[in-house]
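Close look at the chain arrangement
The primary structure of each chain is shown beneath.
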Amino acid sequence: MITSTLITQLRSLLDLTHTEIQVAETRVAQARADAVRTELQRNADNGRIRAEALEKAIRDLGGYPDVIGPFLGRAAAAVKALTEQAEPFDEALLGDLALEGQLLDRARYVKALAVAGKHKDVEDLATRLITAHSATVEWLTTVLAEDALGGPAALRRTPLQAAAGLAVKFVNLPLTWSTRRAERAAEAIRSVRPAVSDLVDRGARTGDIAAKTLTGARNSALEAAERIAREQGADQAADAIHAARGAGGILGEGELPIADYDELNVNEAATAVKDLTDPADIRVIVAYEEANKNRARVVSAAQTRLAAIAQDVVGIS
């Protein structure tokens, strides 16, 4: 009876592992830094090793692995990747965390079953799985905390995820503007419509449209909208616009949290970033760096600093 239950659970773990592999590979393209990209690829490779070990364990117990498991895993990951494009970034990561949580819980159950059935090889395998999935749970928890704290998460949002998240924020903004104030801010933003329309008419991709509008006419429009909001006393709305400008890397050097930032070399900039304590300031620096010099070492230093802050907040040592 225990052996039969153990085989069933191992098969479930195998199916989930195939999904995990595909999810890790889809996340590689979203990695912000080379170190993160390497880690995600390594996780996918290690997932394949775990899948092979699970298949062997099933056979050793007299069972047969599900031959369509890899195909189901790819299909599940493809559906997940497609549906999450309409979700805010945090919801997509929570889905990843739920998957890893299920893998971790099932690995613990498998270990208990293996101990009860005196299957030492399966027990050892389950121990390795618990270690691996615990580490991934902590990593995803850290990425979520980074995002929640307003810093640059290790994974980039896709354009659609960014739009979804921005929509949620604006829906939740208190309606403190009068009609006239809203009209004045809208007029500032409306001035960029011809540029956007021109890009659309020429068939530019969504990402190209966003990049070109944020670095062109839209910059001045957003600055004007922020100024108007401040003048009208709508500080919360102005703060939201300022945060959007910071996230887009379009603040002026004088608005950055590090003085004379453009004059710093790689070593000086990386050192200065490590002294920042506000995740929002780190996010501003990373966005500005990526939009301008795009020095990998500086971005990596900022990401490491933010991860340390996020881990401290959520209690990960």
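This text goes with the structure placed above it.
Summary of the structure given here. Fair warning: this is a prediction, and the values are worked out from it, not measured in the lab.

**Considerations on the packing of helix H5 (residues 120–148) against helix H14 (residues 296–314)**
Where H5 contacts H14, the two axes come as close as 8 Å, and the packing angle between them is 100°. Taken together, the axes of H5 and H14 are roughly perpendicular relative to one another. Where H5 abuts H14, its residues Thr141, Thr142, Ala145 and Glu146 lie against Gln303, Leu306, Ala307, Ala310, Gln311 and Val314. Per-class residue counts for the contact of H5 with H14 are five nonpolar, four polar and one charged.

**Some details on the packing of helix H1 (residues 2–28) against helix H2 (residues 34–60)**
Where H1 meets H2, the axes come as close as 9 Å, and the angle between the chain directions of the two elements is 160°. Of the possible angle classes, the one that applies to H1 and H2 is roughly antiparallel. Crossing angle aside, the handedness with which H1 passes H2 is left-handed.

**Observations concerning helix H13 (residues 279–291)**
Helix length check: H13, at 13 residues, gives a terminal C-alpha distance of 18 Å against a target of 18 Å (1.5 Å per residue), a fit within 8%. Burial in H13 covers these residues: Pro279, Ile282, Val284, Ile285, Val286, Ala287, Tyr288 and Glu289. As for H13, its buried residues are in contact with helix H11 (235–247), helix H12 (266–273) and H14.

**Here we look at the environment of Arg245**
Note that Arg245 resides in helix H11. Ignoring sequence-local partners within four residues, the contact set of Arg245 consists of Leu222, Glu223, Glu226, Ile250, Leu251, Gly252 and Glu255.

**Description of unusual backbone geometry**
With glycine set apart, most residues show a phi of negative sign, and most peptide bonds adopt trans. Although it is not a glycine, Lys118 sits at a positive phi angle of roughly 60°. Assessed through its relative accessible area of 74%, Lys118 is described here as exposed. Positive phi, normally seen in glycine, also occurs at Asn294, with a value near 55°. Relative to the assigned elements, Asn294 resides in the loop between H13 and H14.

**Re the environment of Glu91**
Residue placement: Glu91 occurs in helix H4 (residues 89–117). The sequence separation of Glu91 and Leu144 amounts to 53 residues, and the corresponding C-alpha distance is 9.6 Å.

**Concerning the packing of aromatic side chains**
Going through the model one piece at a time under the given rule, you end up with one aromatic pair. Taking the centre distance of 6.0 Å and the plane angle of 80° together, the rings of Tyr261 and Tyr288 count as edge-to-face. Here Tyr261 is found in the loop between H11 and H12, whereas its partner Tyr288 is found in helix H13, with 27 residues between them in sequence.

**Some points on H11**
The end-to-end C-alpha distance of H11 is 18 Å, a good match for the 18 Å that 13 residues give at a rise of 1.5 Å each. Taken residue by residue, H11 has Ala237, Ala238, Ile241, Arg245 and Gly246 as its buried positions. Remark: Gly249 follows H11 within two positions and exhibits a positive phi of approximately 70°.

**A short note on the pattern of salt bridges**
Counted by the stated rule, this structure contains nine salt bridges. Note that Glu20 and Arg50 form a salt bridge whose closest N and O atoms lie 3.1 Å from each other. Remark: Arg50 occurs in helix H2 and Glu20 occurs in helix H1; sequence separation between them is 30 residues. By relative accessible area, which is 3% here, Glu20 ends up buried. On the accessibility criterion, Arg50 (10% relative accessible area) is buried. Across the pair Lys120 and Asp124 runs a salt bridge whose closest N-O atoms are separated by 2.7 Å. With Lys120 and Asp124 both in helix H5 and four residues apart, this pair spans about one turn of that helix. On the basis of relative accessibility, which here comes to 29%, the residue Asp124 falls in the partly exposed class.

Calculation notes
- Residues numbered from 1 in each chain as written.
- Predicted model: local features only at pLDDT ≥ 70, side-chain atom pairs only at ≥ 80, totals over all residues.
- Heavy atoms only, no water.
- Axes fitted to C-alpha atoms, helices over the stretch in contact; angles between N-to-C directions.
- Helix = DSSP H or I, 4+ residues; strand = E, 2+ residues; numbered from the N terminus.
- Parallel < 35°, antiparallel > 145°, perpendicular 65-115°, else oblique.
- Contact = heavy atoms within 4.5 Å.
- Nonpolar A, V, L, I, M, F, W, Y, C, P; charged D, E, K, R; others polar.
- Left-handed = near helix turned anticlockwise from the far one by under 90°.
- Expected span 1.5 Å × (residues − 1).
- Buried < 20%, exposed > 50% of the residue type's maximum accessible area, 1.4 Å probe, protein only.
- Phe/Tyr/Trp six-rings, centres within 6.5 Å; stacked < 30°, edge-to-face > 60°.
- Salt bridge = Lys/Arg side-chain N within 4 Å of Asp/Glu carboxyl O.

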